[in-house]
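Coordinate analysis (summary)
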Amino acid sequence: MTVPGQPAKQGPRSLDPHMRRYAARTVGMTASEIRALFAVASRPEVVSLAGGMPHLAALPLDNLSQEIGSLIATDGLVALQYGSAHGIPLLREQICDVMALEGINGHPDDVVVTVGSQMGLDMVTRIFCDPGDVVIAEGPSYVGALGSFTAYQAQVVHVAMDADGLVPSLLREALEACKRTGQRVKFLYTIPNFHNPAGVTLAVSRRAEILEICRQYGVLVVEDNPYGLLGFDGQTYPALRSMDPDNVVYLGSFSKTFAAGLRVGWVLAPHAVREKLVLAAESATLCPPTLNQMIVSRYLSTQDWKGQIKTYREAYRERRDAAISALEQHMPQGSTWNKPEGGFYVWLTVPPGIDTKAMLPRAVTQRVAYASGTGFYADKFGSQQLRISYCYPTPERIREGIRRLANVIEDEMQLHATFGATPGRELSGPQTPSPDTA
């Protein structure tokens, strides 16, 4: 009972007064471990080996500024206007030319332009996954994908990789286990080329087998391929989409081969799926930015974009070499890593007893940042691994950052030898596989 003139009694106060209003799906939404790093990793004294930011200094900025100015002057009334959720027709045609380099015979009508490939991944998950559905993904897997799957309340079942990528026999075992327990598997999410974060590439000899397994179990394949043109020897691999157009949804992006800040990606989907994606795009953004699409289209029309990809490959190969040589020089015994043949990342396994997530604050104190392996598993395994991104820093900074990281690991090893394992959460599963173990 409220006494006149006195304030009503208050119950326990929540830091968020809207807590009871949120949808149930928000319960599992958490901040990306990598995004949380950016505030400290961006400090100039910290060598960041954490984020996968492209090396934009390799772009012909003077030429681009002239082309963008010309675009606004001649076509500004179109570029600054609303557009279609499907994407501008010329860019969709050009995207088909880009995909043809990996053997894909796509039709512009089946391409949906997105605000980065992350939007495409989110839309694919939205139109296919109900709460409780299963998504099969490599272990480890891309952190942005795991975030989308969690947001739509899908369960992630990881399948191990080895040095040749996803292991077909283990994929079959996972699908069979889901079938026995009555779980509905909606799709396999895979990054076949220069994997993020593992750096490995799916062997060509395995690709047809994996597609056949998915067909046998009635499972769609979602192929995420932002790095496919960034092989250091210039080799491109046949896209899964090129081998099975009717059962593969392909995600592509200009973020790694042109400019990440424009946020232009695409989805190539079977025709019926395309229709659902266009509807999903309309509800999410109404239309992707026309100006950004026209900038990409102008770039593809007027610039030597294949030569620019070659320039990127050479820059990233130099950085990869700097990372590998520094690891060989500085890492303590018991550490292992892979040597990627393209892309942005090295996957490092540290000596037993070290928790890379617990070690991270101490590494930042020593002015080096990385991405802990736990962020790349839906079940938070991977505490003995970490991802090194060599794409953004200069080779000199990479070598210095890895030297600092090695010192931090050695300090952790000494602490472990003196005091034993650091108390922490009990882990219920394996801390491997890593790319060099099955």
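Please refer to the structure placed before this passage.
This text gives an overview of the structure that appears in the document.

Definitions and limits used
Residues numbered from 1 in each chain as written. Predicted model: local features only at pLDDT ≥ 70, side-chain atom pairs only at ≥ 80, totals over all residues. Heavy atoms only, no water. Helix = DSSP H or I, 4+ residues; strand = E, 2+ residues; numbered from the N terminus. Buried < 20%, exposed > 50% of the residue type's maximum accessible area, 1.4 Å probe, protein only. Pairing = 2+ DSSP bridges. Contact = heavy atoms within 4.5 Å. Axes fitted to C-alpha atoms, helices over the stretch in contact; angles between N-to-C directions. Salt bridge = Lys/Arg side-chain N within 4 Å of Asp/Glu carboxyl O. Phe/Tyr/Trp six-rings, centres within 6.5 Å; stacked < 30°, edge-to-face > 60°.

Once that is clear, we can look at the side chain of Gln94. Within the fold, Gln94 resides in helix 3 (residues 89-99). Taking the relative accessible area as the measure of exposure, Gln94 reaches 10% and is therefore buried.

So, about the sheet that holds strand 6 (residues 185-190). In space, the eight strands of this open sheet follow the order 2-9-8-7-6-3-4-5, with mixed pairing throughout. Among the strands making up the open sheet, the edge pair consists of strand 2 (111-114) and strand 5 (165-166). Note: strand 7 (residues 220-224) against strand 8 (residues 248-253), four bridges, orientation parallel. Considered in strand 8, the bridge of Val221 is made with Val248. Those strands touched by helix 3 are strand 2, strand 8 and strand 9 (265-268), and its axis lies near 105° from that of strand 2.

This part takes up the pattern of salt bridges. In the structure shown here, the tally under the stated rule is 15 salt bridges. Ionic pairing is found between Arg298 and Glu67, a salt bridge with its closest N-O pair at 3.1 Å. Here Arg298, found in helix 10 (residues 290-302), pairs with Glu67, found in helix 2 (residues 61-79); they are 231 residues apart in sequence, far enough to count as distant. Residue Arg298 is classed as buried on the basis of its relative accessible area of 18%. The salt bridge partner of Arg320 is Asp321, with a shortest N-O separation of 2.7 Å.

On to the sheet that holds strand 11 (residues 345-349), then. Pairing within the open sheet is antiparallel, and its four strands lie in the order 10-11-14-13. Strands at the two margins of the open sheet, each flanked by one partner only, are strand 10 (336-337) and strand 13 (371-372). By the bridge criterion, two bridges tie strand 10 to strand 11 in an arrangement that is antiparallel. Residue pairing in the sheet places Thr336 in a bridge with Thr349 of strand 11.

Moving on, we come to unusual backbone geometry. Cis geometry marks the peptide bond from Gly139 to Pro140, where omega comes out at 5°. Here the amide bond leading from Asn196 into Pro197 is cis, since omega sits at 15°, within 30 degrees of zero. Assignment of secondary structure puts Pro197 in the loop between strand 6 and helix 7 (204-216). The phi angle at Arg263 is positive, at roughly 55°, despite the residue not being glycine. Note on placement: Arg263 falls in the loop between strand 8 and strand 9. Judged by its relative accessible area of 33%, Arg263 is partly exposed.

What follows concerns helix 3. Among the residues making up helix 3, those that are buried are Leu91, Arg92, Gln94, Ile95, Cys96, Val98 and Met99. Those residues of helix 3 that are buried are in contact with strand 2, strand 8, strand 9, helix 10 and helix 11 (305-330).

Buried residues dominate strand 8, accounting for six of its six residues. The two faces of strand 8 match: Val248, Tyr250 and Gly252 on one face and Val249, Leu251 and Ser253 on the other face are all buried. Across four bridges, strand 8 lies against strand 9 in antiparallel orientation. Across the sheet, Gly252 pairs through a bridge with Trp266, a residue of strand 9.

Tracing the sequence through the fold places Leu300 in helix 10. Separated by 209 residues in the primary sequence, Leu300 and Leu91 place their C-alpha atoms 8.7 Å from one another. Excluding residues that lie within four positions of it along the chain, Leu300 makes contacts with Leu91, Gln94, Phe254 and Trp305.

For the coordinates displayed, the defined rule picks out eleven aromatic pairs. On the numbers, 5.9 Å between centres and 85° between planes, the contact of Tyr227 with Tyr345 is edge-to-face. Taken together, the residues Tyr227 in the loop between strand 7 and helix 8 (240-243) and Tyr345 in strand 11 connect sequence positions 118 residues apart. According to the relative accessible area criterion, Tyr345 is buried, its value standing at 3%. Judged by centre distance (5.8 Å) and plane angle (85°), the ring pair of Trp347 and Phe376 falls under edge-to-face. In this pair, Trp347 is assigned in strand 11 and Phe376 in the loop between strand 13 and strand 14 (385-389), connecting sequence segments 29 residues apart. Judged by relative accessible area, which is 0%, Phe376 ranks as buried. Taken together through their ring pairs, the aromatic side chains of Tyr227, Tyr312, Tyr316, Phe344 and Tyr345 make up a single cluster.

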